Amino acid sequence: MGTTPLRFGLDTFGDVTVDPATGEPLSHAQVLRDVVAQGELADRVGIDAFGIGEHHRDDYAVSAPDIVLAALASRTERIRLGTAVTVLSSDDPVRVQQRSATIDALSHGRAEVTLGRGSFTESFPLFGHDLSDYEQLFAEKLDLWAALQAGGRVTWEAGRLRAPLRDIEVFPRTEHGPVRTWIGVGGSPESVVRTAQYGFGLMLAIIGGDPARFAPYTQLFRRALHELGRPELPVGVHSPGFVADTDDEARELLFPHMKANRDRIGRERGWAPMTREQFDAEVEHGAMFVGSPDTVAHKIARTARVLGLDRFDLKYSNGPLPHEHLMRCIELYGTEVVPRVRALLGEPRPDEVDEPDEIDDASATVVGALR
């Protein structure tokens, strides 16, 4: 296992859902209210973290996750509240810091942020950025974000695209140190090592294929931390899934909505339509955690063991699946899946820390080159 007992999260992008009576899409306003209700339920059933992602298109209702999280800060008691993901490339690190510190204050220290480049690019032209600067924008802004986490007055002059800061302090201050930061990574070794360099948690977005194939990346992350002289840091996984009372019910409820979502994106990106055979194969052997509580619990436990996880986040909203089914999924995840996973894994002591695994020579070269 990872450096700490496994924690459990739920993530949503605020997918626009449908009215089960009419099949018509709900308004963005109603979806936003439903997301708040989902977060409240996640808190009540004992989930450790609730993440809300950012999109800027009509099939997702959430373009400003921080505001939804602020609403949840006053309506929840213990659950951690985070972004899943903040598209840092098209945002400004100072504003992200200010918003995160505000949520942290309102929630009494429960805020966290996951930073990434984003797999959708609508935000770049929307906020006046050139897509040709995709990589450079993220590199510069992540560097500034790291500088801001040191606290106090900041001088940062390492950017070409972002204006420098000279002896500036950012407000409000956090009460208990920097906001917990994760970096969302899709499978680039360079991104894994960069996350280790900055000393942030690694959140692997595993949305296709057997999660076990990501073991080299978790090994690389721990090797990089060791080589850089850093302490062990958490590793998490974000993957799609859905829980219902039985395996058949989960698949039958989810498939048409998952297909609608995936096929719409596929038409934009030149993908073939999703078939039922592909869906079933991904459920049985890939990255989709779909089924009864027992089925999903066993798959999470296997993934946690193989990758040495500290956190598992289920991306429970997948296309226009109605709100009532999402609420049932959240209830089952908290009351049945999580206890089953904990039983399958045992109760690891907080001081149990895995030694870094061996990685291949090519990965070791990446560590050396990026030190």
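It should be noted that the structure appears before, not after, this text.
Residues numbered from 1 in each chain as written. Predicted model: local features only at pLDDT ≥ 70, side-chain atom pairs only at ≥ 80, totals over all residues. Heavy atoms only, no water.

K.L.:
It is not clear to me how unusual backbone geometry should be interpreted in this structure. Could you clarify?
P.N.:
Phi is mostly negative for residues that are not glycine, and the peptide bonds are mostly trans. Residue Pro 172 is bonded to the preceding Phe 171 through a cis peptide linkage, with omega at 0 degrees. Here Pro 172 lies in the loop between strand E7 (165–168) and strand E8 (180–185). One non-glycine residue with positive phi stands out, namely His 108, at about 60 degrees. Topologically, His 108 is positioned in the loop between helix H3 (93–106) and strand E5 (111–116). Positive phi, normally seen in glycine, also occurs at Asp 167, with a value near 55 degrees. Considering the arrangement of structural elements, one finds Asp 167 in strand E7. Owing to a relative accessible area of 44%, Asp 167 belongs among the partly exposed residues under this scheme. (Helix = DSSP H or I, 4+ residues; strand = E, 2+ residues; numbered from the N terminus. Buried < 20%, exposed > 50% of the residue type's maximum accessible area, 1.4 Å probe, protein only.)

K.L.:
Please explain the pairing of strand E1 (residues 7–12) as it appears in this structure.
P.N.:
Most of E1 sits out of view: five of its six residues are buried. Here E1 pairs with strand E12 (residues 311–315) via five bridges, running parallel. Within E12, the position partnered with Gly 9 by the bridge is Asp 313. Relative to strand E2 (residues 49–52), E1 is paired through four bridges, and the arrangement is parallel. Along E2, the bridge assignment pairs Asp 11 with Gly 51. In the classification by handedness, the crossover that spans E1, the intervening helix H1 (residues 28–44) and the parallel E2 is right-handed. (Pairing = 2+ DSSP bridges. Right-handed = clockwise from strand over helix to strand, strands pointing away.)

K.L.:
Could you clarify how one ought to interpret the packing of H1 against helix H2 (residues 65–73) in this entry?
P.N.:
Each pair of packed helices gets described by two things: the angle between the helix axes and the distance between those axes. Put simply, H1 and H2 touch, their axes get as near as 10 Å, and they point 45 degrees apart. Viewed along their axes, H1 and H2 adopt a mutual orientation that is oblique. Helix-helix and strand crossings are classified by hand; for H1 and H2 the assignment is right-handed. Touching Leu 32, Val 35, Val 36, Gly 39 and Glu 40 of H1 are Val 68, Ala 71 and Leu 72, all from H2. (Axes fitted to C-alpha atoms, helices over the stretch in contact; angles between N-to-C directions. Parallel < 35°, antiparallel > 145°, perpendicular 65-115°, else oblique. Left-handed = near helix turned anticlockwise from the far one by under 90°. Contact = heavy atoms within 4.5 Å.)

K.L.:
How do you make sense of the environment of Ala 212 when you look at a structure like this?
P.N.:
Residue position: Ala 212 is located in the loop between strand E9 (201–205) and helix H7 (215–227). Along the backbone, Ala 212 and Gly 286 are 74 residues apart, and their C-alpha atoms lie at a distance of 9.2 Å. Ignoring sequence-local partners within four residues, the contact set of Ala 212 consists of Arg 302, Val 306 and Leu 307.

K.L.:
What is the right way to read H1 from this model?
P.N.:
Over its 17 residues, H1 extends 25 Å from the first C-alpha to the last, a length consistent with the 24 Å expected when each residue adds 1.5 Å. Turning to H1, its buried residues are Val 31, Asp 34, Val 35, Val 36, Gln 38, Gly 39, Glu 40, Leu 41, Ala 42 and Asp 43. For H1, the elements touching its buried residues are E1, E2, H2 and helix H11 (323–345). Following H1 by one or two positions, Gly 46 has its phi on the positive side, about 90 degrees. (Expected span 1.5 Å × (residues − 1).)

K.L.:
Sorry if this is basic, but what is going on with helix H8 (residues 247–269) here?
P.N.:
What sets the pattern is the α-helix's 3.6 residues per turn: residues three or four places apart point alike. Helix length check: H8, at 23 residues, gives a terminal C-alpha distance of 31 Å against a target of 33 Å (1.5 Å per residue), a fit within 8%. At Phe 255, H8 is deflected by roughly 35 degrees, the largest bend along its length, and proline Pro 256 occurs up to four residues later in sequence. Of all the residues in H8, the buried ones are Ala 250, Arg 251, Leu 254, Phe 255, His 257, Met 258, Asn 261, Asp 263, Ile 265 and Gly 266. At its buried positions, H8 is contacted by strand E10 (235–243), helix H9 (276–285) and strand E11 (289–291). Gly 270 sits one or two residues past H8 and shows a positive phi near 80 degrees. (Bend = angle between axes of the 7 residues up to and from the residue.)

K.L.:
Looking at this structure, I do not really get the side chain of Lys 315. What am I missing?
P.N.:
You can see Lys 315 is positioned in strand E12. Lys 315 sits in the buried class, given a relative accessible area of 7%. If near-sequence neighbours (up to four positions away) are discounted, Lys 315 is found in contact with Asp 11, Phe 13, Asp 15, His 238, Ser 239, Pro 240 and Gly 241.

K.L.:
Explain the nonpolar core to me, please; I cannot follow it from the model alone.
P.N.:
Inside soluble globular proteins, nonpolar side chains tend to come together where they are buried. Membership of the largest hydrophobic core comes to 83 residues, with the highest contact counts inside it found for Leu 10, Phe 50, Ile 300, Leu 314 and Tyr 333. Here this core takes nine residues from H11, the largest share from any one element. Aside from chain neighbours lying at most four places away, what touches Ile 300 is Leu 6, Phe 8, Phe 289, Phe 312, Tyr 333, Val 337 and Val 341. (Core = buried A, V, L, I, M, F, W, Y, C linked by side-chain atoms within 4.5 Å.)

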